[in-house]
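# Observations on chain architecture
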Amino acid sequence: MAGEIINRVSNSQLITIDLTDYAPKVSVKELDIKDFLFQGIVLKEKEFRVNLKEFDFSNYTNKTVALNCSADAIVPMWAFMLVTSYLNSVNADIHFGIKEDVFQQIFTANINAINASKFEGKKVIVKGCGNIPLSESLYIAITQKLQNSVSSLMFGEACSALPVLKNKK
């Protein structure tokens, strides 16, 4: 049929990666050590230990936890170790940092776990937008992961992809 419209994008060998597919499936709960400090700014060992002992850690059972201290306080390393021991007792998955940073750390780990060999010699487009905010570090991670496997890596959508790299055969 003359003038038939052919969808060249759907007929192409392009593989589209949506980074949001690798977003963590867990919600991250935050635990701020500041809440266990004297007046929220000073660590007094005896009081700190009592506060931890009296705290109900069951809310963190089997949860992903972002452990941090938002106060401008000097917190010795053993304090983080002690809090971690309590969180371990409720089977928490513990990461250091604020909630948003921990989410990004897990997100990056998921990208790093991609089996790059399934993209060997393929033309890959990494989508440029999604339903959750994506940081620059995620695009860096996917580029590092795929750079030596793909024949070409692009950014955007199939109809308007921006070439990032092309590997010679």
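Above this text is the structure in question.
This report concerns the structure included in the present document. (Residues numbered from 1 in each chain as written. Predicted model: local features only at pLDDT ≥ 70, side-chain atom pairs only at ≥ 80, totals over all residues. Heavy atoms only, no water.)

### Quick look at the overall build of the chain
The test is simple: Helix numbers and strand numbers start at the N terminus; a helix is a DSSP run of H or I with at least 4 residues, a strand a run of E with at least 2. Burial classes follow relative accessibility: with a 1.4 Å probe on protein chains only, a residue under 20% of its type's maximum area counts as buried, one over 50% as exposed, and anything between as partly exposed. Contacts are assigned to residue pairs that have any heavy atoms within 4.5 Å of one another.
Counting secondary structure elements, the chain contains five helices and seven strands. Along the chain, helices and strands appear, N-terminal first, in the series α-β-β-α-β-α-β-α-β-α-β-β. Seen along its three principal axes, the alpha-carbon backbone of the chain occupies a region of about 85 × 30 × 25 Å. Of all 169 residues assigned to the chain, the portion counted as buried reaches 34%. A separation threshold of at least 6 residues defines the contact pool for the chain, and within that pool the share at least 24 residues apart is 77%.

### Observations concerning the environment of Gly156
Of note, Gly156 is situated in the loop between strand E6 (152-155) and strand E7 (162-166). Given the relative accessible area of 10%, Gly156 is considered buried. Each C-alpha atom of the pair Gly156 and Asp18 lies 10.0 Å from the other, and the pair is 138 residues apart in sequence. Beyond its immediate stretch of four places on either side in the chain, Gly156 contacts Ile125, Val126, Lys127 and Gly128.

### A word on a nonpolar patch on the surface
Basically, it comes down to this: Any residue with relative accessible area above 30% and no salt bridge may belong to a patch, with like charges joined within 9 Å and the nonpolar Val, Leu, Ile, Met, Phe, Trp and Tyr side chains within 5 Å. Under the convention used here, a 1.4 Å probe and the Shrake-Rupley method define accessible areas, while residue burial counts only the protein chains that appear. Definition used for salt bridges: Asp or Glu carboxyl oxygen within 4 Å of a side-chain nitrogen of Lys or Arg.
A cluster of nonpolar side chains, namely Phe155, Leu162 and Val164, defines an oily patch on the protein surface of about 270 Å² accessible area. For Phe155, the position within the fold is in strand E6. Relative accessible area serves as the criterion here: at 34%, Phe155 is assigned to the partly exposed category.

### Considering helix H3 (residues 77-88)
Worth spelling out the cut-off: One fewer than the residue count of a helix, multiplied by 1.5 Å, yields its expected span. Directions are taken from the helix axis to each C-beta atom, and the arc is the one they span.
Helix length check: H3 (twelve residues) gives 16 Å between terminal C-alpha atoms against 16 Å at 1.5 Å per residue, within 8%. Restricting attention to buried positions, one finds in H3 the residues Ala79, Phe80, Leu82, Val83 and Leu87. Axial view of H3: buried residues confined to an arc of 160°, hence all on one face. Within H3, the exposed residues directed more than 90 degrees away from the buried face are Met77 and Met81.

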